[in-house]
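Analysis of the macromolecular model
Spelled out, the chains give:
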Amino acid sequence: DLVHAVSPRLADVASVPRLAGRPGTGLLVRYVDALAEELPALDERSARAASDVLLELLRAVVEPDVVDARAARREALRARARRHVRAHLADPRLGPGAIARALAVSVRTLHAAFAETDESVAALVRRARLARCRQDLLEPSGGTVTEIAFRWGFTDATHFSHAFKREYGLTPRDVRRGAQIDKELRAQPMV
């Protein structure tokens, strides 16, 4: 309980990292040896102060390599959100609110998990949809541009075209034409 009061992160650790060779370990060992020798002669107040110093030294040596449990939980939530997005990409209602409800977290918690990354939840959904649309556009039998947009959750073809061009620098029709030209060139006999 005393160790966890000083370093709550250690409560989430199954085992303490190996201490040999770590900065501060020698000081910690010498302090423990000295404390063990002096402890019988210390009054209660001094013993409590000495144990506080010991706990701080232990925290300083061990904690730098302990994975932050909160960071680990946020990474796990981001991974769950990415899986959910991939599985429900075609749903036009897929967005931060729907994802948060499906993962049983608040929208605020979901946004907080993505705050330390370079991508928002909405951007994750948009990029995943655009990537799937691009794959279908490269397939001549993938359907029309509008069909592809609607298939992957876009509800407005104009919005889709603008978002696609911002992401890839080409319009969906340019990508489709390029795929058709490539197909025709591959179909031509070599001379």
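Refer to the structure presented above.
Residues numbered from 1 in each chain as written. Predicted model: local features only at pLDDT ≥ 70, side-chain atom pairs only at ≥ 80, totals over all residues. Heavy atoms only, no water.

1. Observations concerning unusual backbone geometry
Across the chain, the bulk of peptide bonds are trans and the bulk of non-glycine residues have phi less than zero. Stated formally: Per the convention used, a helix needs a DSSP run of H or I reaching at least four residues, while a strand needs a run of E reaching at least two, with both numbered from the N terminus.
Residue A104 is not a glycine yet carries a positive backbone phi of 60 degrees. Residue position: A104 is located in the loop between α5 (96-103) and α6 (107-115).

2. Some details on the packing of helix α2 (residues 25-38) against helix α3 (residues 44-62)
What counts here: Think of each axis as a best-fit line through the C-alpha atoms, taken over the contacting stretch in the case of a helix, with angles from 0 to 180 degrees between the N-to-C directions. Working rule for angles: under 35 degrees goes down as roughly parallel, over 145 as roughly antiparallel, 65 to 115 as roughly perpendicular, anything else as oblique. For a crossing to be left-handed, the near helix must be turned anticlockwise from the far one by less than a right angle; the clockwise case is right-handed. Any two residues having at least one pair of non-hydrogen atoms within 4.5 Å are treated as being in contact. When residues are sorted by character, Ala, Val, Leu, Ile, Met, Phe, Trp, Tyr, Cys and Pro go into the nonpolar class, Asp, Glu, Lys and Arg into the charged class, and all the rest, Gly among them, into the polar class.
At a minimum axis separation of 10 Å, α2 and α3 run at an interaxial angle of 160 degrees. Accordingly, the angle class assigned to the pair α2 and α3 is roughly antiparallel. Classified by chirality, the crossing of α3 by α2 is left-handed. Every residue of α3 that contacts α2 at T25, L27, L28, Y31, V32 and L35 is listed here: A50, V53, L54, L57, L58 and V61. The class makeup of the residues in the contact of α2 with α3 is 11 nonpolar, one polar and no charged.

3. A closer look at the environment of R176
Worth spelling out the cut-off: Exposure is judged per residue with a 1.4 Å probe applied to protein chains only, and the accessible area is read against the type maximum: over 50% gives exposed, under 20% gives buried, and values in between give partly exposed. Residues adjacent in sequence count toward polar contacts only when both atoms are side-chain atoms; beyond that, a polar contact is any pair of N or O atoms within 3.5 Å, and within protein one must be able to donate a hydrogen and the other to accept it.
Relative to the assigned elements, R176 resides in helix α10 (residues 172-187). Here R176 falls in the buried class, since its relative accessible area comes to 9%. Taking C-alpha positions, R176 is 8.9 Å from D136, a pair spaced 40 residues apart along the chain. Not counting residues within four places of it along the chain, the set of residues in contact with R176 comprises D136, L137, E139, P140, G142, G143, T144 and I148. There is a polar contact of 3.3 Å between the side chain of R176 and the backbone oxygen of D136.

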